[in-house]
Every structure is written in structure tokens, then in C-alpha cells.
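# Per-entry structural report
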Amino acid sequence: MAKQAKRERQKLNREARRQAELAAARRRKQWRTGRTIAIFAVPLVILFVVLQLRSSGGGSEPTRKFSKPPAQTLKPDTTYTATIDTSEGKMTVNLDAAAAPTSVNNFVFLARKHFYDGLTFHRVAKDFVIQGGDPKGNGSGGPGYKIQAETPANGYQVGSVAWAKGQQEQPGTAGSQFFVVTSPAPAPGQGLDAINQQPYQYGTVGTITSDSLATAQKIGALAPASGDGKPTKKVTIKKVTIAESPSSTAGSTPPAAPPSS
């Protein structure tokens, strides 16, 4: 009986060892399988996330610094318009490519590079202008270069879009910041009257359409208590879209009708 019991214990021990070895083998196989899946799955997950970010536009910021002004690429006999889509509404600008080809070429270049997307109107002057296009958002930023834009032949009017510049800079100096005239002069010699003194200082871009004036004035109504500065509500430029079409008159862009005020 003793020998029989001993053999039985040995048999049980061998079975226990065999089961333990099988369990250990299964764990090693599962670990190797998991490691193999991870090796292939992790890069795929990373790739998926990157593609999702790119498709949603959240993967990278637009380029907002350039080493030199853009080459002249405007097409002859072509009318250009810009739609400025803001958090307060849209403004359509008839770009004056015939009278200001250098100026309009610069605006078209920056818009098509998505330079303005996500920027703000950082300045509102009561009964005067709204100003935006500064990547720094404080009036000191630009695209990394300056151009000499064409100044208007007949001054500025309500709805005029023109380049902002420093007081010490030459007439027509431009970068990326622009302003829209929102109102007539509140008093003689002020506002619009003040910039309509020759020689005209600000490079012309174009004129907003009459039905866009309401949006410009809505933003203009956000002037701070001081009358000139950061708007009381953040106003974002969602995007600027450029459209082009054959000119109705060969070789020129039809002048924009002045908006009613």
C-alpha cells in the first residue's frame, strides 16, 4: 500500500508540474501576442490621431512669418473679391487690383496662406475704423516684411479698406494689418476727415460692399469706453476667402460702389 500511495503522489506531482508548465507557456504566448499587437497597433493609432488632427485643421498653425514680400501673381483682366468671415458676420471686399496691384497682391497672398485665419480685430476706434490682421494682437505684429502699397487717388470713404502703418513710416507702407472705415467724420477734422489729408498715408486695398457695412459697424459698436482700443468683446477673423472672375472691362477692375452711410 505504501508503494502504491507513493506512486500516486508522484503521479499527482507530475501532473501538477505539467499543468504549471502549460499555464506558464500560455502566459508567455499571450505576452508575446500582446507585444506583437502593440508593436503594430501603436504606430497605427499615432498615425490615425495625426490624420484626424490634420483633417480637422488642428494639426498645425498657418505660416505667419515670411522672409520677403510675395511675388506678383495677380492675373490680368481679373476681378478679385475677398470675403472676411468674422465672429460678428461677413464682409465682402471689392479688391482694387487695377489701381493697387501691389497692395491687392499682398492681401490675396496672405489670405490664401491662411495668414488671417484665427486672428482678431484688435482695435476699434469709435465712429472711425476697425483694425485687424495682427498676429500678435496688439498692433505691433506683421508678416515679417513690408511693401510699398499704392495710396488712393481720391482719398478714403466709409467702407474703405486700407493698410495700417506706423506714424513714422513712409506713405503706403504695409504689412498685414488693415482697417475698415466704419463711419463718416463725427466732427470736422476728426475720424475720416483726419486721414483724408494729402498726401494720403495708407495703402488702399478696396471697398466693402454696401451690404457688408452693417457687419463693420456692428464691430465698430464694440469700441471701449476710451473710444479707441481693444474691443469690449473678442472679434475673431474665422477665415478670409479670395474669389476671382473675369473683369467686366478688359484690363481693369470695376470700381466698387461706395456703401451708403
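Here's a quick rundown of the structure.

Across all of its chains, the model carries 11 aromatic pairs by this definition. When the ring of Phe115 is compared with that of Tyr116, the centres are 5.4 Å apart and the planes differ by 85°; the resulting orientation is edge-to-face. Taken individually, Phe115 and Tyr116 each receive the classification buried, so the pair is uniform in this respect. Their ring planes at 85° and their centres at 5.9 Å tell us that Phe121 and Phe178 sit as a pair that is edge-to-face. In this pair, Phe121 sits in strand β3 (residues 121-125) while Phe178 sits in strand β8 (residues 178-181), placing the two residues 57 residues apart along the sequence.

Together, Arg26, Arg27, Arg28, Lys29, Arg32 and Arg35 give the surface a local cluster of positive charge. For Arg35, a relative accessible area of 42% gives the class partly exposed.

This part takes up the nonpolar core. Side chains that are nonpolar tend, in soluble globular proteins, to be buried together. Leu95, Phe107, Tyr116, Trp163 and Phe178 are the most contacted members of the largest nonpolar core, which has 52 residues in total. No other element matches the six residues that helix α2 (residues 101-112) contributes to this core.

This part is about the sheet that holds strand β1 (residues 78-86). Taken in spatial order, the nine strands make up an open sheet running β10-β3-β4-β8-β6-β9-β2-β1-β11, and their pairing is antiparallel. Each edge of the open sheet is held by one strand with a lone partner, namely β10 (228-229) and β11 (237-246). Against the sheet, α2 contacts β1, β2 (89-95), β6 (160-163), β8, β9 (204-208) and β11, and its axis sits at roughly 125° relative to β11. Across the face of the sheet, helix α4 (residues 213-220) comes into contact with β1, β2, β3, β4 (129-132), β8 and β9 while running at roughly 120° to β2.

Every buried residue of α4 is listed here: Leu213, Thr215, Ala216, Ile219 and Gly220. Buried residues of α4 fall within an arc of 165° about the axis and therefore sit on the same side. Where α4 is buried, its residues meet β1, β2, β3, β4, β8 and β9.

This paragraph deals with the pairing of β3. Burial runs high along β3: four of the five residues are buried. Looking at chain direction, β3 and β4 are connected through four bridges and run antiparallel. Among the inter-strand pairings, Arg123 is bridged to a residue of β4, identified as Gln131. Sheet topology places β3 next to β10; two bridges connect them, and they run antiparallel. The residue of β10 that forms the bridge with Val124 is Gly229.

With respect to the helices, strands and loops of the structure, Thr215 is situated in helix α4. By relative accessible area, which is 11% here, Thr215 ends up buried. Contact partners of Thr215, with chain neighbours within four places excluded, come to Thr86, Glu88, Gly89, Lys90 and Met91.

The rules behind the values
Residues numbered from 1 in each chain as written. Predicted model: local features only at pLDDT ≥ 70, side-chain atom pairs only at ≥ 80, totals over all residues. Heavy atoms only, no water. Phe/Tyr/Trp six-rings, centres within 6.5 Å; stacked < 30°, edge-to-face > 60°. Buried < 20%, exposed > 50% of the residue type's maximum accessible area, 1.4 Å probe, protein only. Helix = DSSP H or I, 4+ residues; strand = E, 2+ residues; numbered from the N terminus. Patch = residues over 30% accessible without salt bridge, like charges linked within 9 Å, V, L, I, M, F, W, Y side chains within 5 Å. Areas by Shrake-Rupley, 256 points an atom, 1.4 Å probe, with all protein chains shown as cover. Salt bridge = Lys/Arg side-chain N within 4 Å of Asp/Glu carboxyl O. Lys, Arg positive; Asp, Glu negative; His and termini not counted. Charge placed at Lys NZ, Arg CZ, Asp CG, Glu CD. Core = buried A, V, L, I, M, F, W, Y, C linked by side-chain atoms within 4.5 Å. Pairing = 2+ DSSP bridges. Contact = heavy atoms within 4.5 Å. Axes fitted to C-alpha atoms, helices over the stretch in contact; angles between N-to-C directions. Arc of directions from axis to C-beta.

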